[in-house]
Amino acid sequence: MNSSTLPLCLLLIMHFFASPVLGKNEKSALWILVSNHTENLKFVGIGHSNWISESRMSCIRECLYYYTVNCNSVQFDEMTKTCTPGSVVIRNNSFGSISLSGSVYSRAICDENAGFSFTVKHGTAVCMYVSQTPMEYEVAKSDCARNGGTMYVIDTVEKFSLLKDIIVVDSWVGLKAIYIRSLFEWVDGEKFDKESSLWNTLWRPGEPNSYAGEEYCVVAWRENGLLYDCPCGNRNYHICEIVL
């Protein structure tokens, strides 16, 4: 797909909504130059399309326009002005060095050297890891942050399905009670209560029950990924993700 072949009305709409300065676009402002080459990096493209863009900023804006949330990286060739959209950049020391024509910009790097793995299942892409050591909730939260991630957030049916596929031990997820049994908050700030569409889907029967009024943190059950509340001082494994 070449931008010169797009209908004029579509181009006008695209440039109307695209911010001319990266810093004024909330999603674009987080983008960084990853590399001018791919030392220990893998650029994962979206589909098989590319197009001609005026600049790297135009390349990023157009990627976000065409692919919305799935666009997390681009490869831009300054010589040919070719823009290639990408879903993610993966870092792994085993990749070695692979030459690319152009620079890679990204707002999401899945660092497999830190134990994360890039998985695409059930129509969703996730960069995640399950810890090897049980720990208290707040320690687990800090462990995720130290490795460049956050605790796992289940905000779609697809992410819940993926969790059920991979979970093998009871594990903390990024959910904590504000008011016991009724109002919770994910680590990304989203509230979770009985009005939430996934409320009845995610909890084990009878949960949350805040036994003895001390269960503020949330664990995914190893059997099927369903959630139950638990004292935050308990030691459990935990699931981290790098948000894509």
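Refer to the structure above for everything that follows.
Now for a look at the structure at hand.

Remarks on the environment of D229
- Structurally, D229 is set in strand β17 (residues 227–230).
- Given a relative accessible area of 2%, D229 falls into the buried group.
- Spatially, the C-alpha atom of D229 lies 9.1 Å from that of W203, the residues being 26 residues apart in sequence.
- Setting aside residues up to four positions removed in sequence, D229 forms contacts with W203, E207, P208, N209, S210, E215, C217 and V218.
- A polar atom in the side chain of D229 sits 3.1 Å from the backbone nitrogen of N209.

A few points about unusual backbone geometry
- Cis geometry marks the peptide bond from E207 to P208, where omega comes out at -5°.
- Relative to the helices and strands, P208 is located in the loop between α5 (199–202) and β16 (217–220).

Comments concerning the pattern of salt bridges
- Under the defined criterion, the tally for this structure stands at 7 salt bridges.
- Across the pair K81 and E78 runs a salt bridge, and its minimum N-O distance is 3.6 Å.
- When its relative accessible area of 29% is taken as the criterion, K81 is described as partly exposed.
- On the accessibility criterion, E78 (43% relative accessible area) is partly exposed.
- For D170, the salt bridge identified is with R222, shortest N-O distance 3.0 Å.

Brief notes about the state of the cysteines
- Evaluation of the coordinates by the stated rule reveals 5 disulfides.
- Between the sulfur atoms of C59 and its disulfide partner C83 the distance amounts to 2.0 Å. On the sign convention where negative means left-handed, the S-S torsion of about 80° between C59 and C83 marks this disulfide as right-handed. Taken as a pair, C59 in helix α2 (residues 56–67) and C83 in strand β6 (residues 82–91) lie far apart in primary sequence, 24 residues in all.
- The class for C83 is buried, based on a relative accessible area of 0%.
- Linked covalently through their sulfurs, C144 and C240 form a disulfide whose S-S length is 1.9 Å. Classification of the bridge connecting C144 and C240 rests on its S-S torsion, roughly -80°, and on that basis the disulfide is left-handed.

Structural notes on the pairing of strand β18 (residues 237–242)
- Of all 6 residues in β18, 5 are buried; the element is thus mostly enclosed.
- Relative to β18, strand β11 (residues 124–130) runs antiparallel, the two sharing 4 bridges. Its bridge partner being in β18, Y129 is matched across the sheet by C240.
- Relative to β18, strand β12 (residues 150–151) is paired through 2 bridges, and the arrangement is antiparallel. Each residue of the ladder has a partner; that of M151, found in β18, is C240.
- Here strand β13 (residues 171–179) pairs with β18 via 2 bridges, running parallel. In the strand pairing of β18, S171 is matched with Y237.

Rules behind the numbers
- Residues numbered from 1 in each chain as written.
- Predicted model: local features only at pLDDT ≥ 70, side-chain atom pairs only at ≥ 80, totals over all residues.
- Heavy atoms only, no water.
- Helix = DSSP H or I, 4+ residues; strand = E, 2+ residues; numbered from the N terminus.
- Buried < 20%, exposed > 50% of the residue type's maximum accessible area, 1.4 Å probe, protein only.
- Contact = heavy atoms within 4.5 Å.
- Polar contact = N/O pair within 3.5 Å; in protein donor to acceptor, adjacent residues only side chain to side chain.
- Salt bridge = Lys/Arg side-chain N within 4 Å of Asp/Glu carboxyl O.
- Disulfide = S-S within 2.5 Å.
- Pairing = 2+ DSSP bridges.

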